[in-house]
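What follows is each chain in one-letter form.
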Amino acid sequence: MTRMRRPASRRHAAFCQGSIMRHVVVMAGTGAIGLMAVFMVDLLNLFYISTLHNPALTAAIGFTAAVGFIQIAVSIGMSIGLGATTGRQIGAGHHDVAQRIASSFSVVMLALTSLIGFGTALLAHPILHALGAHGEAEHQAALYLYIASPLLPLIATGMGCSSLLRAVGAAQQSMNVTLAGALISAVLDPILILWMNLELEGAALSTLASRALVAALGICCARQHDLLARPVARFIRADTYCVGHIAVPAILTNLATPVGGIFVTHAMASFGLAAVAGQATIDRIVPVAFAFVFALTGSIGPIMSQNLGAGQVARVQETLVAALKLVMGCVALTWAILFLGQDIVIRIFSATGTTADLIRLFCNWTIGGYVFIGMLFVANSAFNNLGYPLYSTLFNWGRATLGTIPFVWIGTRFGPMGVQVGQVMGSVLFGLGAVGMAFNVVRTLDARPVGPESDSIPSLPPAQSAESAMIELDDLDNEAQEFDQGEEDAQHTALSDNRN
């Protein structure tokens, strides 16, 4: 049977026309708002702790961040797989299948993150000791992990629902959910940390409240879009296998950065708490300062994929060039601001000694290395959206291992400053290499538009009910009737023209 065409009213691909630079700026700018809010709350959290003038507490944040990055990387990878799989089904008109996959994989996501969260809490002291924590810093970091880690499923749920909302096109709603979590954390942090004198324990409780709100709002919004329902046991295995094809590589890619960060934290710990505190401060400044760069890497994907699907390879390359220009511009502007305002930053975080020296080194010199880190992120986004995800995994892990371990190891001979410089030097090599490979990938792309191939959607089990199947048949019947009516109208118009 001949496949019916879509109605003419179908939404067009917005990124296949108009200014590429404008598309990139608008997409990255809106995405940066949510990221900026979340990272700003983390920065304020560090500020409140620093006002207590206890280096052990500041260092403890650095140790908990190193562990937390691993947990978040797994959650992000699963949410990427969930969003990509359900988004593909929604785009194909199979909303019931998308709902079933989302509901099935949510069970697996909750189970896996619960295992990771409780496992981290049980092994908190051995993990922190391996990172180089000891004394009060280890005790405070362990206390934070005891409170926050067991409820890791909350943040995984929030991320998963946010990914589902973006998949259905509710990007603004997704951003609002994130902003709500950031707002409640911003309100609770000073109350719990300073006014109630709960210190790092207060920061953990504030984090839990924020994550709980994000999870609750995310579930509510996802259900409004009919994206979540009661999971069906017999479909969980097949649906998980479907999502896993994307989620597993995404998890492996996202794990690379925190693994490299753990090695850097361990190296800094050998020079005392002040060095760890300095690294923790920089780790909190970077996401706020470069929120636009981080948002940029997630925003150029739809632009590239739409133009690739339309066979407009020149616009794909133009997107890559525009993103790299914006990375360099953002880093240059941030560098100038922090170079001029470094004394203010040091005073704000009450930094002294080695902590202040590390912040000065970052503001004066090593911040420039984020040009190459931004290049790597942009290249990874290109690889993921142009059909070469393995390159993304290889370059990320290459930077986290060959681009971090030997350079940082050599840097330790020159003290904590050498560790920071060594961390940046590896990024230069892998950033340049990734961008070169990205341009090579673009040059080899097929300029022909992608056709409506049936195997572009993975085969899945049937819908969960006969009623769902009847709805799909009704949709197809209505679509066919619209198509036939359009053909009849065209024939009548042609006959009228001939008579005239």
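Everything below is about the structure printed above this text.
Residues numbered from 1 in each chain as written. Predicted model: local features only at pLDDT ≥ 70, side-chain atom pairs only at ≥ 80, totals over all residues. Heavy atoms only, no water.

Asker: Just checking my understanding: could you explain the overall build of the chain for this structure?
Answerer: Summing up its helical and strand segments, the chain has 18 helices and zero strands in all. Counting the 500 residues in the chain, one finds 48% classified as buried. Counted over contacts in the chain with a minimum sequence separation of 6, partners at least 24 positions apart contribute 83%. With the model as given, the accessible surface of the chain reaches about 23500 Å², and the carbon-plus-sulfur share is 65%. (Helix = DSSP H or I, 4+ residues; strand = E, 2+ residues; numbered from the N terminus. Buried < 20%, exposed > 50% of the residue type's maximum accessible area, 1.4 Å probe, protein only. Contact = heavy atoms within 4.5 Å. Areas by Shrake-Rupley, 256 points an atom, 1.4 Å probe, with all protein chains shown as cover.)

Asker: Help me understand the nonpolar core, please; the structure alone is not making it clear to me.
Answerer: Nonpolar side chains in soluble globular proteins generally cluster together in the buried interior. Residues Phe63, Leu128, Leu296, Phe362 and Leu386 are the most contacted members of the largest nonpolar core, which totals 91 residues. No other element matches the 13 residues that helix H12 (residues 313-348) contributes to this core. Those residues in contact with phenylalanine 362 that sit more than four places away from it in its chain are Ile282, Ile285, Val286, Leu338, Ile367, Tyr370 and Gln420. Counting 19 residues, the second largest nonpolar core, distinct from the first, contains Val97, Leu227, Leu228 and Val243. (Core = buried A, V, L, I, M, F, W, Y, C linked by side-chain atoms within 4.5 Å.)

Asker: Teacher, can you tell me more about unusual backbone geometry here?
Answerer: If a residue is not glycine, its phi is most likely negative; likewise, a peptide bond is most likely trans. Positive phi, close to 55°, is recorded for histidine 53, a residue that is not glycine. Turning to its location among the elements, histidine 53 is positioned in the loop between helix H1 (20-50) and helix H2 (55-91). For histidine 53, a relative accessible area of 60% corresponds to the exposed category. The residue aspartate 226 is not glycine, and still its phi comes out positive at about 60°. Following the sequence through the fold, aspartate 226 ends up in the loop between helix H8 (199-224) and helix H9 (233-269).

Asker: Explain the pattern of salt bridges to me, please; I cannot follow it from the model alone.
Answerer: Pairing of side chains with opposite charge becomes possible as their charged atoms draw close. Following the criterion strictly, the structure yields two salt bridges and no others. Here aspartate 239 and arginine 100 are joined by a salt bridge, their closest N and O atoms 2.9 Å apart. Of this pair, aspartate 239 sits in helix H9 while arginine 100 sits in helix H3 (residues 95-122), and the two are 139 residues apart along the sequence. A single burial state applies to aspartate 239 and to arginine 100, both of which are buried. Arginine 360 is paired through a salt bridge with aspartate 343; the nearest N and O atoms lie 2.8 Å apart. Here aspartate 343 lies in helix H12 and arginine 360 lies in helix H13 (residues 353-364), a separation of 17 residues in the sequence. (Salt bridge = Lys/Arg side-chain N within 4 Å of Asp/Glu carboxyl O.)

Asker: Sorry if this is basic, but what is going on with the packing of helix H14 (residues 370-385) against helix H15 (residues 389-400) here?
Answerer: When two helices pack together, their arrangement is given by the angle between the helix axes and the distance between those axes. Where H14 meets H15, the axes come as close as 7 Å, and the angle between the chain directions of the two elements is 155°. The orientation of H14 relative to H15 falls into the category roughly antiparallel. The crossing of H14 and H15 is left-handed. Contacts from Ile373, Leu376, Phe377, Asn380, Phe383 and Asn384 in H14 reach Pro389, Tyr391, Ser392, Phe395, Asn396 and Arg399 in H15. The residue makeup of the contact of H14 with H15, split by class, is seven nonpolar, four polar and one charged. (Axes fitted to C-alpha atoms, helices over the stretch in contact; angles between N-to-C directions. Parallel < 35°, antiparallel > 145°, perpendicular 65-115°, else oblique. Left-handed = near helix turned anticlockwise from the far one by under 90°. Nonpolar A, V, L, I, M, F, W, Y, C, P; charged D, E, K, R; others polar.)

Asker: Looking at this structure, how should I read the packing of aromatic side chains?
Answerer: Aromatic rings considered in pairs are described by the distance between their centres and by the relative angle of their planes. Taken as a whole, this structure holds seven aromatic pairs when the rule is applied. Their ring planes at 15° and their centres at 5.0 Å tell us that phenylalanine 290 and tyrosine 370 sit as a pair that is stacked. Here the residue phenylalanine 290 occupies a position in the loop between helix H10 (273-289) and helix H11 (291-309), and tyrosine 370 occupies one in helix H14, the gap between them amounting to 80 residues. Of the two residues, phenylalanine 290 and tyrosine 370, neither departs from the other in class, the shared state being buried. Between phenylalanine 383 and tyrosine 391, the ring centres sit 5.5 Å apart and the planes meet at 80°, which makes this aromatic pair edge-to-face. A relative accessible area of 0% places phenylalanine 383 in the buried class. The positively charged end of arginine 100 is found above the aromatic ring belonging to phenylalanine 235, 4.5 Å away from the centroid. When the ring centre of tryptophan 409 is taken as reference, the NZ or CZ atom of arginine 413 above it lies at 4.7 Å. (Phe/Tyr/Trp six-rings, centres within 6.5 Å; stacked < 30°, edge-to-face > 60°. Lys NZ or Arg CZ within 6 Å of the ring centre and 35° of its normal.)

Asker: Looking at this model, I keep getting lost on the environment of isoleucine 33. Mind explaining?
Answerer: Looking at the secondary structure, you find isoleucine 33 in helix H1. Judged by its relative accessible area of 44%, isoleucine 33 is partly exposed. If sequence neighbours within four positions are ignored, isoleucine 33 has contacts with Met175 and Leu179.

Asker: Honestly, a nonpolar patch on the surface in this entry has me stumped. Any pointers?
Answerer: Taken together, the side chains of Leu194, Trp195 and Met196 make up a nonpolar region of the molecular surface, amounting to roughly 370 Å² of accessible area. Tracing the chain through its elements places methionine 196 in the loop between helix H7 (171-195) and H8. (Patch = residues over 30% accessible without salt bridge, like charges linked within 9 Å, V, L, I, M, F, W, Y side chains within 5 Å.)

Asker: For this particular structure, what's the right way to read the side chain of glutamine 342?
Answerer: Considering the arrangement of structural elements, one finds glutamine 342 in helix H12. Glutamine 342 sits in the buried class, given a relative accessible area of 8%. Those residues in contact with glutamine 342 that lie beyond four places of it in its chain are Arg360, Cys363 and Asn364.

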